[in-house]
Amino acid sequence: MTIWSVACPALAACLSALLPAVIYAQDPPPAAPAAPKKGRAPRPPKPGVSTPGVKREMAAITPDAVFPIEGTPDWQVITDEAVWVSNAPKNTIHRLDVKTNQVDASITVGRRPCSGLAAGFGSIWVPSCGDKTVSRVDIKTNQVTATIAAAPAVSEGGIAASPEAVWIVTDAKGVLSRIDPASDKVAAEVEVPANSAGVTYGEGAVWVTTPDKNLLTGVDPKTNRVIFTVEVGPQPRFVTTGAGSVWTLNQGDGTVSRVDAKTGKLVTNIEAGIPGSGGELAFGNGHVWATAVQIPISEIDPAVNQVVRQWTGAGGDSIRVGQGSVWLSNLREQNLWRIGLSGLK
């Protein structure tokens, strides 16, 4: 889902004078217009893909709805009737009604929600970097029903719900915590590589990325045991599943790695051209979707293992696909777009 949504100490330092109490999940919003500080190199443009005919302009897209969200709309998760998005500086998550295209509720959670959102067990699970907790929000009442002492290890990580439990990395030493939804407590800890970050569930396993070791780890949620460890592209952070595979967005070179979920073997690394901090990855409508500031939407077709469409321009930082739409958090623009899949050309 951002940086710091993340991991950019130099940028955080530059922003601290303006927003001393805020940590962003992925890429932070721009500072007020001012002369650049001496010695600060401009952010290099992301190259995108080199395949002819693939690139498009964001300006050509007309969203079906625009949700204004003052602050930094970031991490998302989709449920049957709503899309939920986090907002770190406001200490909130927002519920977007998919029928009315309105912001239906703003719910106060822990301080500085970060490291993803997950849906499961009738709840939204919200890690917070400020008070080092996970908030449990009832989907029906929009109320926080539990606050769990489980500190996200990194702000730019992830949280996931399997049929058995909720999973999040809680220690940089390499601890994947299993939260029991019946007790709202950490029930088990699984040893994973140190400095692990992203977490997702799919294809029967919990999957964890380790950026500094270029690793993807698969964990059996029934036995709490590591079943796969595979090297992928450089600095994998964000992770999703679909089409019988696990996919990682690699911040080191902007590729997307595809791993066979049954064998745990690397299938290929796909050129996407979106290196650097921030970004996110999702699966929906049979395709893989990546986002990054400057290149808000990249669409990968698993049938050919290539980016088949890529949109450049303003926007981006977190992405989800569902309810017949692409949902794009535009962190710097302080809004979220709903884009009908049929409207993407």
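Residues numbered from 1 in each chain as written. Predicted model: local features only at pLDDT ≥ 70, side-chain atom pairs only at ≥ 80, totals over all residues. Heavy atoms only, no water.

(A) How the structure looks around the overall build of the chain. Along its length, the chain carries one helix and 29 strands. Relative to its full complement of 345 residues, the chain shows a buried share of 57%. Carbon and sulfur atoms provide 51% of the accessible area of the chain, an area that totals close to 13,700 Å². (Helix = DSSP H or I, 4+ residues; strand = E, 2+ residues; numbered from the N terminus. Buried < 20%, exposed > 50% of the residue type's maximum accessible area, 1.4 Å probe, protein only. Areas by Shrake-Rupley, 256 points an atom, 1.4 Å probe, with all protein chains shown as cover.)

(B) Region of interest: the sheet that holds strand β13 (residues 175-180). The strand order across the open sheet formed by four strands is β11-β12-β13-β14, and the pairing between neighbours is antiparallel. Lying at the two open borders of the sheet, with one neighbouring strand each, are β11 (159-161) and β14 (185-191). Looking at each pair of strands side by side, their axes are set apart by 30° on average, direction ignored. Note that β13 and β14 share six bridges and pair antiparallel. Within β14, the residue paired with S177 across the bridge is E189. (Pairing = 2+ DSSP bridges. Axes fitted to C-alpha atoms, helices over the stretch in contact; angles between N-to-C directions.)

(C) Highlighting the pattern of salt bridges. Scanning all chains against the criterion turns up eight salt bridges. For E280, the salt bridge is made with R320, and the minimal N-O distance between the two is 3.1 Å. Of this pair, E280 sits in strand β23 (residues 280-284) while R320 sits in strand β27 (residues 317-322), and the two are 40 residues apart along the sequence. (Salt bridge = Lys/Arg side-chain N within 4 Å of Asp/Glu carboxyl O.)

(D) A look at the environment of V226. Relative to the elements of secondary structure, V226 occurs in strand β18 (residues 225-231). Residues V226 and E191, 35 residues apart in the sequence, show an inter-C-alpha distance of 8.1 Å. Setting aside its immediate chain neighbours within four residues, V226 contacts V190, E191, T217, G218 and V219. (Contact = heavy atoms within 4.5 Å.)

(E) Highlighting the confidence of the model for the chain. Per-residue confidence for the chain gives a mean pLDDT of 90, with 88% of residues at or over 70. Predicted confidence for residues 2-25 stays below pLDDT 50, and this span has 78 contacts to residues more than four positions away or in other chains. (pLDDT = per-residue confidence, 0-100.)

(F) Geometry of the pairing of strand β24 (residues 287-292). Across the six residues that make up β24, a large majority, six, are buried. Side chains H287, W289 and T291 of β24 all project onto a buried face; the interleaved residues V288, A290 and A292 project onto the opposite face, where all are buried too. With five bridges joining them, β23 and β24 adopt antiparallel strand pairing. The residue bridging G284 from the neighbouring strand is H287, located in β24. The antiparallel pairing of β23 with β24 creates a hairpin that spans two residues between the two strands, and N285 there sits at a positive phi of about 55°. As defined by bridge partners, β24 adjoins strand β25 (residues 294-301) across four bridges and the pair is classed as antiparallel. Note on β25: the bridge partner recorded for V288 is I300.

(G) Structural context of the sheet that holds strand β26 (residues 306-313). One open sheet holds the five strands; their spatial order is β1-β26-β25-β24-β23, and the pairing between them is mixed. The two strands at the open ends of the sheet, each matched to only one other strand, are β1 (55-57) and β23. Geometrically, the sheet is characterised by an average inter-axis angle of 20° between neighbouring strands, direction not taken into account. Looking at chain direction, β25 and β26 are connected through six bridges and run antiparallel. Bridge pairing links I297 to W311 in β26.

(H) Examining the side chain of N87 more closely. Among the structural elements, N87 can be located in strand β4 (residues 82-87). Overall, N87 belongs to the buried group, its relative accessible area being 0%. Once you skip the residues sitting within four places of it in the chain, N87 turns out to touch I69, E70, G71, T72, P73, T92, H94 and P113.

(I) How the structure looks around the side chain of S257. You can see S257 is positioned in strand β21 (residues 255-260). Overall, S257 belongs to the buried group, its relative accessible area being 0%. At 2.9 Å, the side chain of S257 and the side chain of N250 are in polar contact. A polar contact of 2.4 Å, which involves the side chain of S257, links it to the side chain of N269. (Polar contact = N/O pair within 3.5 Å; in protein donor to acceptor, adjacent residues only side chain to side chain.)

(J) Region of the structure containing the nonpolar core. Membership of the largest hydrophobic core comes to 28 residues, with the highest contact counts inside it found for W84, I93, L117, I124 and L281. For this core, the elements supplying multiple residues, two or more each, are β3 (73-78), β4, β6 (102-108), β8 (123-128), β20 (245-250), β24 and β25. At three residues, the largest contribution of residues to this core is made by β24. Look past the residues within four positions of L281 in its chain and what remains in contact with it is F238, V239, T240, W247, T248, L249, V256, V288, W289, A290, I319 and R320. (Core = buried A, V, L, I, M, F, W, Y, C linked by side-chain atoms within 4.5 Å.)

(K) Molecular detail of the packing of aromatic side chains. Applying the stated rule across the entire model yields three aromatic pairs. Note on W207 and F228: the rings are 6.1 Å apart at their centroids and 5° apart in plane angle, and the pair reads as stacked. Placement of the pair is W207 in strand β16 (residues 205-210) and F228 in strand β18, with a sequence separation of 21 residues. With respect to class, W207 is no different from F228; both count as buried. (Phe/Tyr/Trp six-rings, centres within 6.5 Å; stacked < 30°, edge-to-face > 60°.)

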